[in-house]
Amino acid sequence: TKVGGRHGYRFYTPSMRERDSARRRIEDGLHTALARDQLRLLYQPKVDAVDGRIVGAEALLRWSKEDGGWWLPDEFIPIAEDSGLIVPIGAWVLRQACRQARAWQREGHGIPVSVNVSPVQLDDPGFLAHLDAALVESGLDPHLLELELTERVVVSGSQATGALLRAIRRLGVRISLDDFGTGYCSLSYLKHFPVDVLKIDRAFVHDIIQDSETAAITTGIIAMARSLHKDVVAEGVETLAQSEFLRDAGCPVLQGYLYGAPMDATLLEARLREQPPG
Ligand code: C2E
Ligand code: CA
Ligand code: CA
Ligand code: CA
C-alpha cells in the first residue's frame, strides 16, 4: 500500500502484528542459519596510510539467503540482540575469525583481525569464556585479535564494564572504540577505559573535504588520540582526497571502499600474498 506524497511515494508502516511476525521469521531463520552453517564472515582490509600495505582486517558478518543473496548485519543484528541470539552468533564469529587469523598467521601474514562485539554480548556472563575458548582452540596469538566496541559500551559502562575490558586486555586482546565521535563519548572517558584504538566514524570521513568544521574536528581527534598514545583508524574512506587529507592529518591506518570492500577470506589472502614482504 502506498500513497503519493509531496516527495513521491510513501509506504505505510506495517502493522505491529506484521512486524512481529516478520521479526519472528528472521529469528527462526537465524536459529537455522547457525545450525546449518549459513553465516559467513567477509574481511575488509585496513591499510597503512603512507605505503598502502594491508596492516589488518575487519571481520564483517553476512547471512546467506536461500536465493544466493546476502542479508546485511543491519537487517538482522538488532533482532539477534533483542532475542539474545547474538550471544551464540557472536561466539561463532569469534571462533571463526580467530581460526582465519591463525590460518593467515601460518601463511606468514600475521595481521590483526578485528571483530565487532555487541554490548549484549558483553553483558553475557559467558563472554570471557567464549573469547578464551576461541583463542585456545585456534592457537591464535591474542595480540592478533582486536575487539571493536561501540561508544555505547563505554558511555553506559559501569565499573563492571571497566573490569571486563581490563580482563580482555589482560588476555592480550586489543580493544578498539568503533564509530568514535558519533555518540556521547568524550576523550575524557578514555582516561577511565582501557582502549587501544580509536576508530573515526565514516560520517566524519564523508564530510572532511566539503566541511571545514568536520575537517578541524577530525584533525583534532587524530592529534589528541595520538598524544594519548592510542592507535587511530579512519573508516569509510572512499576517495583519494579523503585519504590524502587523513594521511596528512597524521592518521596512520585507513579503511574503506577505496582500498577494498569486505571480501572473501581467500581474496584477501591473495592480496596479502601479492604485497612485497615488509
Ligand atoms: P561497522 O562496524 O561500523 O562496519 C563498517 C560498515 O561500513 C560495514 O557495513 C562495511 O561494509 C561498511 N563500509 C566499509 N567501507 C565503506 C566505505 O568506504 N563506505 C561506506 N559507505 N561503507 C563502508 P556492514 O558490513 O553492512 O556492517 C554494518 C554494521 O553491522 C557494522 O558497522 C557493525 O556494527 C555490525 N556488524 C557487522 N558484523 C558484525 C558482527 O560479526 N557482530 C556484531 N555484533 N556486529 C556486526
Ligand atoms: Ca566495526
Ligand atoms: Ca564503524
Ligand atoms: Ca558503523
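The shown structure was predicted, so the numbers you read here are calculated from the model rather than taken from an experiment.

Basis of the calculations
Residues numbered from 1 in each chain as written. Chains lettered and ligands numbered in written order. Predicted model: local features only at pLDDT ≥ 70, side-chain atom pairs only at ≥ 80, totals over all residues. Heavy atoms only, no water. Helix = DSSP H or I, 4+ residues; strand = E, 2+ residues; numbered from the N terminus. Rg over C-alpha atoms; globule rule 2.2 N^0.38 Å. Buried < 20%, exposed > 50% of the residue type's maximum accessible area, 1.4 Å probe, protein only. Contact = heavy atoms within 4.5 Å. Areas by Shrake-Rupley, 256 points an atom, 1.4 Å probe, with all protein chains shown as cover. Donors = N, O, S within 2.8 Å, 3.2 Å for Na, K, Ca; no water. Phe/Tyr/Trp six-rings, centres within 6.5 Å; stacked < 30°, edge-to-face > 60°. Salt bridge = Lys/Arg side-chain N within 4 Å of Asp/Glu carboxyl O. Expected span 1.5 Å × (residues − 1). Pairing = 2+ DSSP bridges.

Undergrad: Explanation requested: the overall build of the protein chain in the structure shown.
TA: Along the backbone of the protein chain there are 12 helices and 11 strands. Relative to the globule expectation of 19 Å for 278 residues, the C-alpha radius of gyration of the protein chain, 20 Å, shows essentially globular dimensions. Expressed as lengths along the three principal axes of its C-alpha atoms, the size of the protein chain is roughly 55 × 50 × 45 Å. The burial tally for the protein chain puts 46% of its 278 residues in the buried class. For the protein chain, restricting intrachain contacts to residue pairs at least 6 apart in sequence, the fraction spanning at least 24 positions comes to 65%. On the protein chain, roughly 14700 Å² of surface is accessible, and the fraction owed to carbon and sulfur atoms is 51%.

Undergrad: Is there a simple way to explain the coordination of the calcium ion (ligand 3) in this structure?
TA: For a metal with four tetrahedral donors the ideal donor-metal-donor angle is 109.5 degrees, whereas six octahedral donors ideally subtend 90 or 180 degrees. For the calcium ion (ligand 3), every protein donor is listed as Asp178 (OD), Asp179 (OD), Glu235 (OE) and Glu235 (OE), and the spread of their distances is 2.2 to 2.5 Å. Here the calcium ion (ligand 2) and the calcium ion (ligand 3) are spaced 3.9 Å from one another, each receiving a donor from Asp178. Separated by 57 residues along the polypeptide, Asp178 in strand β8 (residues 174-180) and Glu235 in the loop between β10 (231-234) and α11 (240-248) bring together distant segments of the chain.

Undergrad: Hey, could you run me through unusual backbone geometry in this one?
TA: Most peptide bonds take the trans configuration, and most residues that are not glycine carry a negative phi. Positive phi values are uncommon outside glycine, yet Asp179 reaches one of about 55°. Mapped onto the fold, Asp179 is located in strand β8. Despite not being glycine, His229 shows a phi value in the positive range, around 60°. Looking at the element boundaries, His229 is found in the loop between α10 (212-227) and β10. The exposure class of His229 is exposed, given its relative accessible area of 74%.

Undergrad: Can you help me understand the packing of aromatic side chains in this one?
TA: For any pair of aromatic rings, the description rests on two quantities: the centre-to-centre distance and the angle between the ring planes. Applying the stated rule across the entire model yields three aromatic pairs. Residues Trp63 and Phe76 carry aromatic rings whose centres are separated by 5.6 Å and whose planes lie at 85° to one another, so their mutual orientation is edge-to-face. Linking Trp63 in strand β4 (residues 54-64) with Phe76 in helix α2 (residues 73-83), this pair joins segments that are 13 residues apart in sequence. An aromatic cluster of three or more residues is present, and its members are Trp63, Trp71 and Phe76.

Undergrad: Even after reading the chapter, I still don't get the coordination of the calcium ion (ligand 2), so can you show me in this structure?
TA: Protein ligation of the calcium ion (ligand 2) involves Glu58 (OE), Asn116 (OD1), Glu148 (OE) and Asp178 (OD), the donor distances falling in the range 2.1 to 2.3 Å. Along the chain, the residues that donate to the calcium ion (ligand 2) are spaced as E-x57-N-x31-E-x29-D.

Undergrad: Explain the pattern of salt bridges here, please?
TA: Where side chains of opposite charge bring their charged atoms close, a pairing between them can arise. Scanning the entire structure with this criterion turns up 12 salt bridges. With a shortest N-O distance of 4.0 Å, Arg95 and Glu137 are connected by a salt bridge. Placement of the pair is Arg95 in helix α3 (residues 86-106) and Glu137 in helix α5 (residues 127-138), with a sequence separation of 42 residues. Among the residues examined, Arg95 registers a relative accessible area of 30% and is labelled partly exposed. One continuous salt-bridge network, built from bridges that share partners, spans Lys46, Glu58, Glu146, Glu148, Arg174, Lys199 and Asp231.

Undergrad: How should α3 be read in this particular structure?
TA: Every α-helix winds through 3.6 residues per turn, so residues three or four apart in the chain are directed the same way. Compared with an ideal rise of 1.5 Å per residue, which puts 21 residues at 30 Å, α3 spans 30 Å between its outermost C-alpha atoms and is within 8% of the ideal. Gly108 sits one or two positions beyond α3 and adopts a positive phi of about 90°.

Undergrad: It is not clear to me how the side chain of Glu58 should be interpreted in this structure. Could you clarify?
TA: Inspection of the secondary structure assignment puts Glu58 in strand β4. Using a relative accessible area of 5% as the deciding quantity, one classes Glu58 as buried. The contact partners of Glu58, leaving out residues within four places of it in the chain, are Leu42, Tyr43, Gln44, Lys46, Ser114, Asn116, Glu148, Lys199 and Gln255.

Undergrad: I would appreciate a short explanation of the pairing of strand β7 (residues 145-150) in the present structure.
TA: Put simply, side chains in a regular strand alternate between the two faces of the sheet. Among the six residues in β7, six count as buried, and that is most of the element. Burial along β7 is two-sided: Leu145, Leu147 and Leu149 facing one way and Glu146, Glu148 and Thr150 facing the other are all buried. The pairing of strand β6 (residues 113-116) with β7 spans four bridges and is classified as parallel. Looking at the pairing, Val113 lines up with Leu145 of β7. In the sheet, β7 pairs with β8 via five bridges, with the strands oriented parallel. In the strand pairing of β8, Leu149 is matched with Leu177.

Undergrad: Explain the pairing of strand β3 (residues 39-48) here, please?
TA: Of all 10 residues that make up β3, eight are buried, and the element is covered over most of its length. Between β3 and β4, which pair antiparallel and follow one another directly, the connecting turn spans five residues, one of which, Gly52, has a positive phi of 75°. Here β3 pairs with strand β11 (residues 253-255) via three bridges, running antiparallel. Bridge pairing in β11 links Lys46 to Gln255.

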